[in-house]
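Per-entry structural report
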Number of protein chains: 2
Amino acid sequence: MKKISLAEPNIGNKEWQYLKECLDSGWVSSSGSFVKRFEKFVSKKTKIKHATAVVNGTSALHLSLYVLGIRETNEVLVPSLSFIAPINTIRYLGAVPVFMDCNEHHTMDITKTLEFLNNETFMKAGSCYNKKSKKRIAAVLPVHTWGNPVEVNQLYSICRKKNIKIVEDASESLGSLYQDNKGNMVHTGKIADIACLSFNGNKIVTSGGGGMILTNKKKDSDLVNYYSTQAKDDPFYYKHNNVGFNFRLTNIQAALGLAQVQSLPSFKAKKKKIYKIYDQSFKDIPGLELIKPAKNTRSNYWMTVLKVNKKIFGNSRDQIIKKLLNAGIECRPVWYPNHLQKPFKSFQSYKVQKTQSEVKSCICLPSSTNLSKTDISKVVSTISRMQK
Amino acid sequence: MKKISLAEPNIGNKEWQYLKECLDSGWVSSSGSFVKRFEKFVSKKTKIKHATAVVNGTSALHLSLYVLGIRETNEVLVPSLSFIAPINTIRYLGAVPVFMDCNEHHTMDITKTLEFLNNETFMKAGSCYNKKSKKRIAAVLPVHTWGNPVEVNQLYSICRKKNIKIVEDASESLGSLYQDNKGNMVHTGKIADIACLSFNGNKIVTSGGGGMILTNKKKDSDLVNYYSTQAKDDPFYYKHNNVGFNFRLTNIQAALGLAQVQSLPSFKAKKKKIYKIYDQSFKDIPGLELIKPAKNTRSNYWMTVLKVNKKIFGNSRDQIIKKLLNAGIECRPVWYPNHLQKPFKSFQSYKVQKTQSEVKSCICLPSSTNLSKTDISKVVSTISRMQK
């Protein structure tokens, strides 16, 4: 029985061709030409000026926070509902997360975040401090969960006023758009000081593993390039005036990534189609609904997420998961809330309520771009038959 | 004019075949089968029980020190003569390096290191402390520079007695052998608690970029696997009881690495031949000599390094470098001493004297496995003609 996958890579002929070209050139490590081509392509696509390819999305976030000066005396506002990686990167630097709740789109609740910033902080010497911890809030790190854009424009003014950096985790949102401050639709990450992409195997575009750091500011981009290559002040005589990192992507990964990102329009179209079929199929079944992107945003529909009302539908989230897995259909619960994870539960969370109920009731459904209609029908019928 | 490279990858047909197989399987990220095959092959080759492939040599060292419990209250003994990466990894953890000198082979001076451990430390509650700083010396990190093995067996007893972990940086020494405590020739890394390999583009075997963590201890290997994959205690429900890292190698890199490591015997033979030709060519020229591996060790001759006595030869190291570069021959000075690098110069160094003079007088010569005899002759003649 062929297994139906959650989010597997879709590899075509171009991937094949670019990798051969890369091997034939002999340039397989980070100094090859595909790295530059990959970066330029993504920069052009997102219309964000500077792009630096790195080993993965985690290192992208780690380095972004680092070059923006986030250190152990700082706090970073971050959603509880997210994969654990962004929170880990805050901790690598010794900084502390303050957890925010999510909204119906599974992105950071902006209303509550603004409420926190307006009521729970004070300004001193041009910086914003947490009334409770007395620590400086140096950054906010919204995550475009499932490809659904956070409306970062609503945070922009207050963050500028309070001298708070914005780092967008766009790991899941390559191709997703939101409104900028003038109401134009722009690529997610465009408003941020720095935005990060992931090209992990399960993402809409993959380089096997990889990430990218995007910024409109040359100064920050220069710092990213410097610190991602072991901080070489004199590369020939090996003088290093700072502790750097080894974070650059290899040329073979970039060759794969470039071929993939050139297929982004077709991948996006397929993802949207998958979402629409699921949406049509479940919309008349009481107790089932999909997590939708916010109005005024355009999701890449990377992952379709189903929300189950057990009382109405008659079966629980976990019962559906069990049935799907038994039928050879890969599916996943939503990430466990970060503010409840063991390494973070001692840190502050601000009115995090919706997150817990969303996590308990949601399932990630198969969303691979190479799903067939038959595959989707099988997922739908397996779930529909459980209606009571 | 074809440029003669310092250490460029040598890519054959098998690399291509494995990469094609990897792409065709659709498994390009870290969960693919080539990762396991690559790890198993290296484990078998080195006769070290457990191997975990990671994104690069830097992350290998970082994670090794981490799982051995090195933290900000600790010190790590490390050679000043080395690429900066191992020192950076000590600093990532907030620990402090104590710099040791080098010997004529460019590896850590064991005599001085033993002298330091015997005279400059004291024991308290089963651990070893630095008399000067009062900090615990928790690890020693010898580097097998240029592929020349450090005689780690001479450190073994004292490290066991003083409860000091041994982490070998074998980034440059895949295929190099040293004597174990019984006098048997074994692969470098075998004596250590944990040893680290690098598969960077300039190494004897490359996976584009990559690294590997080797250990004979299952407990440590389990920790490496756990922490390198974001510390998943319940992978399905995303429970994480610790802060983890995203350090695993991708399957496409592993496919390349496996093909490469299967060619290690021929690469080693070529490297040795290159070294021998240089040695024959320079041995009768006064003021020139090669850096040799220690007796009782077998180097993989990854990099041939030439030492210039300016007074006798009549031209300086920098004059030779200039001449070589002008002739289209890539060459490099040796790394700037780490105890003099800006981020580290406030840290303790113990009688580091030879390192400075070695750094000033040495040149890395072209050592790529695909060098032709004509290439080598050109290097030799360019240098020989400078004799005064």
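Remember, it's a predicted structure, so these values are computed and weren't measured experimentally. Counting starts from 1 at the beginning of each chain's written sequence and moves along it residue by residue. The order in which chains are written sets their letters, starting at A; the order in which ligands are written sets their numbers, starting at 1. Note on the predicted model: pLDDT of at least 70 is required for a residue's local features to be given, and 80 or more for side-chain atom pairs to be given and counted; whole-chain, interface and lining totals, by contrast, use all residues.

Observations concerning the sheet that holds strand S12 (residues 288–290) of chain A
Residue and element names in this part refer to chain A. Short version of the rule: Criterion used throughout: strands pair if DSSP finds at least two bridges between them. To qualify as a helix, a DSSP run of H or I must reach at least 4 residues; to qualify as a strand, a run of E must reach at least 2; elements of each kind are numbered from the N terminus. Residue pairs qualify as contacts under a 7 Å threshold applied to their C-beta atoms, which are placed from the backbone. The angle between two axes is taken between their N-to-C directions and runs from 0 to 180 degrees, where each axis is a line fitted to C-alpha atoms and a helix contributes only its stretch in contact.
Taking strand neighbours across the sheet as the criterion, the four strands line up as S12-S13-S15-S14 in an open arrangement whose pairing is antiparallel. Each having just a single partner strand, S12 and strand S14 (332–333) make up the two edges of the open sheet. Judged from the two bridges that link them, S14 and strand S15 (residues 362–365) form a sheet pairing that is antiparallel. Bridged to proline 333 within S15 is isoleucine 363. The sheet strands contacting helix H9 (residues 264–282) are S12, strand S13 (304–308) and S15, and the helix crosses S12 at an angle near 155°.

Some details on the packing of helix H1 (residues 13–25) of chain A against helix H8 (residues 251–261) of chain A
Relative orientation and spacing of two packed helices are given, respectively, by the angle between their axes and the distance between those axes. All names here are of chain A. Convention followed: Here is the rule for angles: anything less than 35 degrees is roughly parallel, anything more than 145 is roughly antiparallel, 65 through 115 is roughly perpendicular, and the remaining ranges are oblique. Working rule for handedness: look at the near helix, and if it is turned counterclockwise from the far one by less than a right angle, call the crossing left-handed; if clockwise, right-handed. Under the grouping applied here, Gly and all other residues not named as nonpolar or charged are polar, the nonpolar ones being Ala, Val, Leu, Ile, Met, Phe, Trp, Tyr, Cys and Pro and the charged ones Asp, Glu, Lys and Arg.
Following both chains from N to C, one finds H1 and H8 inclined at 150°, their axes separated by 8 Å at the closest point. Between H1 and H8, the crossing angle belongs to the class labelled roughly antiparallel. The hand of the H1/H8 crossing is right-handed. Contacts from Lys14, Glu15, Tyr18, Leu19, Glu21 and Cys22 in H1 reach Asn251, Ile252, Ala255, Leu256, Leu258, Ala259 and Gln260 in H8. Across the contact of H1 with H8, the residue classes break down as eight nonpolar, two polar and three charged.

Details of the environment of valine 35 of chain B
Residues and elements named next belong to chain B. To keep it simple, the criterion reads: Burial is judged by counting other C-beta atoms within 10 Å of a residue's own C-beta: 20 or more means buried, 12 or fewer means exposed, and anything between counts as partly exposed, with every C-beta placed from the backbone.
Structurally, valine 35 is set in helix H2 (residues 33–46). Taking the C-beta count within 10 Å as the criterion, valine 35 has 24 such neighbours and is therefore assigned buried. Taking C-alpha positions, valine 35 is 7.2 Å from leucine 249, a pair spaced 214 residues apart along the chain. If we skip the residues at most four places from it in the chain, valine 35 touches Ser30, Ala53, Leu249, Asn251 and Ala254.

A word on the environment of threonine 111 of chain B
All names here are of chain B. Position of threonine 111 among the secondary structure elements: in helix H5 (residues 110–119). Exposure remark for threonine 111: the 10 C-beta atoms within 10 Å place this residue in the exposed category. For the pair threonine 111 and aspartate 101, spaced 10 residues apart in sequence, the C-alpha separation works out to 9.7 Å.

Here's the deal with the environment of proline 366 of chain A
Residues and elements named next belong to chain A. By the element assignment, proline 366 lies in the loop between S15 and helix H13 (373–384). Classification of proline 366 as buried rests on a count of 24 C-beta atoms within 10 Å. Setting aside residues no more than four positions away along its own chain, proline 366 makes contact with Ile4, Ser5, Leu6, Ile329, Glu330, Cys331, Leu371, Asp375 and Val379.

As for the domain arrangement of chain A
All names here are of chain A. To keep things clear, this is the line we draw: Each domain's limits were defined by an automated method or a database of domain assignments.
Partitioning chain A into structural domains gives domain 1 (13–261) and domain 2 (264–384). The C-alpha centroid of domain 2 is placed 25 Å from the C-alpha centroid of domain 1. Between domain 1 and domain 2, the residue contacts involve 38 residues of the former and 34 residues of the latter. Breaking the side of domain 1 that touches domain 2 down by element, the ones donating at least two residues are strand S3 (96–100), helix H5 (110–119) and strand S8 (177–179). Broken down by element, the side of domain 1 that touches domain 2 gets its largest block of residues, five residues, from S3. Here the residues of the side of domain 1 that touches domain 2 sort into 20 nonpolar, 12 polar and six charged.

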